[in-house]
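Notes for the structure review
Chain residues, written in single-letter form:
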Amino acid sequence: MYCRFLPTKNNLKMRKNNKEVESVLQGLINKRMRAMEEGEKSENDLLGLLLESNMKDMDENGQPSQGMAMEDVIEECKLFYLAGMETTSVLLTWTMIVLSMHPEWQDLAREEVLGLFRKNKPEYEGLSRLKMVTMILHEVLRLYPSATVFSRKTYKDMDIGGVRYPSGVFIEVPVLFINHDPDIWGSDVNEFKPDRFAQGISKASKHPGAFLSFGWGPRVCIGQNFAMLEAKMALSMILQHFEFELAPSYTHAPHTVMTLQPMHGAQIKLRAI
Ligand code: HEM
């Protein structure tokens, strides 16, 4: 846990990158704040909302300390970008890979999408009626969870699963291992079987809370509905216009670099339809 404070080559590079990201964000924030101070209407996006609440708090209380500190605004921007971008993009990547490996499911998904939207642009109402596509995305998230682990820290002495932990212990929740545990998902745990989600997430496994790909509890992923919507929209549009299969150069090697990614990339051949 504390290794990140050591001046290793990687840590120094990360710190340098972090500084660079923060200074880019600070520049964007300054520009936006100037525009807001000059009376320009704030844009309806995350940064606009954060800054608006930050400035409002400062106005009402007259003390900047009551508002959201600028470091917090920067941290929120970083969090939303890092937590929201890569996770959804690797979900789509794995979905393309898995549907290339299982053309029968690719056909079923396409049938559903074309049945609902034909070749028209998918609209919000229709996306919520995509049952097959939703099952596929959940099964991909089970087999290849974008975040393979998340952590917690005990804030007091406590018993978890019959083990006594003192306060201040970091606990890693191994999502990838849980998602591949045959005692939870059955002996076909390593197979791609979207229909295990046919009755919803809580009925897909022997334990109703076993699906942890979006986390759980008060810190559950705040963007999960948005991510699913984005993935459904993108996948629907791809299925409407392309058939796809793996290129011979594709090598299956999932590995973790922050998120779970295909180590050698995802070489996929697309054919317009
Ligand atoms: C497939 C896509 C995604 C996956 C698999 C995913 C997964 C996760 C996981 C496992 C957590 C940790 C939960 C915990 O510690 O209990 C998390 C937290 C979070 N996610 Fe996502 N996420 C995805 C997309 C998004 C998107 C699109 C956004 C924003 C638009 C987002 C924003 C966040 C934020 C802000 C948190 C921190 C929540 C908190 O600590 O209260 N995520 N996500």
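Procedures and definitions
Residues numbered from 1 in each chain as written. Predicted model: local features only at pLDDT ≥ 70, side-chain atom pairs only at ≥ 80, totals over all residues. Heavy atoms only, no water. Helix = DSSP H or I, 4+ residues; strand = E, 2+ residues; numbered from the N terminus. Buried < 20%, exposed > 50% of the residue type's maximum accessible area, 1.4 Å probe, protein only. Contact = heavy atoms within 4.5 Å. Areas by Shrake-Rupley, 256 points an atom, 1.4 Å probe, with all protein chains shown as cover. Lys, Arg positive; Asp, Glu negative; His and termini not counted. Charge placed at Lys NZ, Arg CZ, Asp CG, Glu CD. UniProt positions renumbered as here; feature names shortened; annotations may be inferred. Salt bridge = Lys/Arg side-chain N within 4 Å of Asp/Glu carboxyl O. Pairing = 2+ DSSP bridges. Near = heavy atom within 4 Å. Polar contact = N/O pair within 3.5 Å; in protein donor to acceptor, adjacent residues only side chain to side chain. Core = buried A, V, L, I, M, F, W, Y, C linked by side-chain atoms within 4.5 Å.

Below, the discussion takes up the overall build of the protein chain. For the protein chain, the count of helices and strands is nine helices and eight strands. Here the C-alpha coordinates of the protein chain stretch approximately 60 × 55 × 40 Å along the principal axes. Within the protein chain, buried positions represent 36% of all 273 residues. Intrachain contacts of the protein chain at a sequence separation of at least 6 include 62% that bridge at least 24 residues. Element-wise, carbon and sulfur atoms account for 58% of the exposed surface of the protein chain, whose accessible area totals about 17000 Å². Each charge sign in the protein chain was given a centre, from 31 positive and 34 negative side chains, and these centres are 3 Å apart.

With that settled, the discussion passes to the UniProt feature "binding site: heme" (unreviewed entry) in the protein chain. Mapped onto the present numbering, the UniProt feature "binding site: heme" (unreviewed entry) falls on Cys-221. With respect to the element layout, Cys-221 can be found in the loop between α8 (182-185) and α9 (224-241).

Our next topic: the environment of Gly-168. Relative to the helices and strands, Gly-168 is located in the loop between β3 (163-165) and β4 (170-173). Sequence separation between Gly-168 and Ile-273 is 105 residues, and the spatial gap between their C-alpha atoms is 56 Å. Not counting chain neighbours up to four residues away, the residues in contact with Gly-168 comprise Lys-153 and Thr-154.

Let us now look at unusual backbone geometry. Phi is positive for Arg-118, close to 50 degrees, though the residue is something other than glycine. Residue position: Arg-118 is located in the loop between α4 (103-117) and α5 (124-127). Given the relative accessible area of 61%, Arg-118 is considered exposed. Although it is not a glycine, Met-258 sits at a positive phi angle of roughly 70 degrees. Turning to its location among the elements, Met-258 is positioned in the loop between β6 (254-257) and β7 (259-262).

We now examine the side chain of Glu-112. Note on placement: Glu-112 falls in helix α4. Buried charge without a partner: Glu-112 forms no salt bridge, and the closest opposite charge is Lys-131, 8.0 Å away.

On β7, burial covers both faces: Thr-259 and Gln-261 on one face and Leu-260 and Pro-262 on the other are all buried. Following β6, the chain reverses through one residue before pairing antiparallel with β7; Met-258 in that reversal takes a positive phi of roughly 70 degrees.

Residues in close proximity to the ligand total 22 residues, the closest being Ala-83, Gly-84, Arg-152, Arg-219 and Cys-221. Residue Ala-83 places a main-chain N or O atom 3.3 Å away from a nitrogen atom belonging to the ligand. A distance of 2.5 Å separates an oxygen atom of the ligand from a polar atom in the side chain of Arg-152. Secondary structure elements with two or more residues in the shell around the ligand: α3 (70-101), β1 (150-153) and α9. Among the elements that make up the shell around the ligand, the one with the highest residue count is α3 (seven residues).

Moving on to the nonpolar core. Core analysis: the biggest nonpolar cluster contains 44 residues, and Trp-94 and Trp-185 have the highest contact counts within it. When contributions to this core are tallied by element, the ones reaching two or more residues are α3, α4, α6 (131-143), α7 (175-179), α8 and α9. Considering every element that reaches this core, the biggest residue donor is α3, with eight residues. Not counting chain neighbours up to four residues away, the residues in contact with Trp-185 comprise Arg-142, Ile-178, Asn-179, Arg-196, Phe-197, Ala-204, Ser-205, Ala-210 and Phe-211. In this structure, Met-33, Met-36, Leu-51 and Val-73 belong to the second largest nonpolar core, which totals 11 residues.

Counted under the stated rule, the structure contains 11 salt bridges. The partner of Glu-75 in a salt bridge is Lys-78, and the shortest N-O contact between them spans 3.0 Å. Residue Glu-75 and its partner Lys-78 are located together in helix α3, separated by three residues, close to a single helical turn. Given the relative accessible area of 39%, Glu-75 is considered partly exposed. Linking Glu-139 and Arg-196 is a salt bridge whose minimum nitrogen-to-oxygen distance equals 3.0 Å. Within this pair, whereas Glu-139 is found in helix α6, its partner Arg-196 is found in the loop between α8 and α9, the two being separated by 57 residues in sequence. Of the two residues, Glu-139 and Arg-196, neither departs from the other in class, the shared state being buried. Each member of the salt-bridge network shares a partner with another, and the members are Glu-139, Arg-142, Asp-188, Glu-191, Lys-193 and Arg-196.

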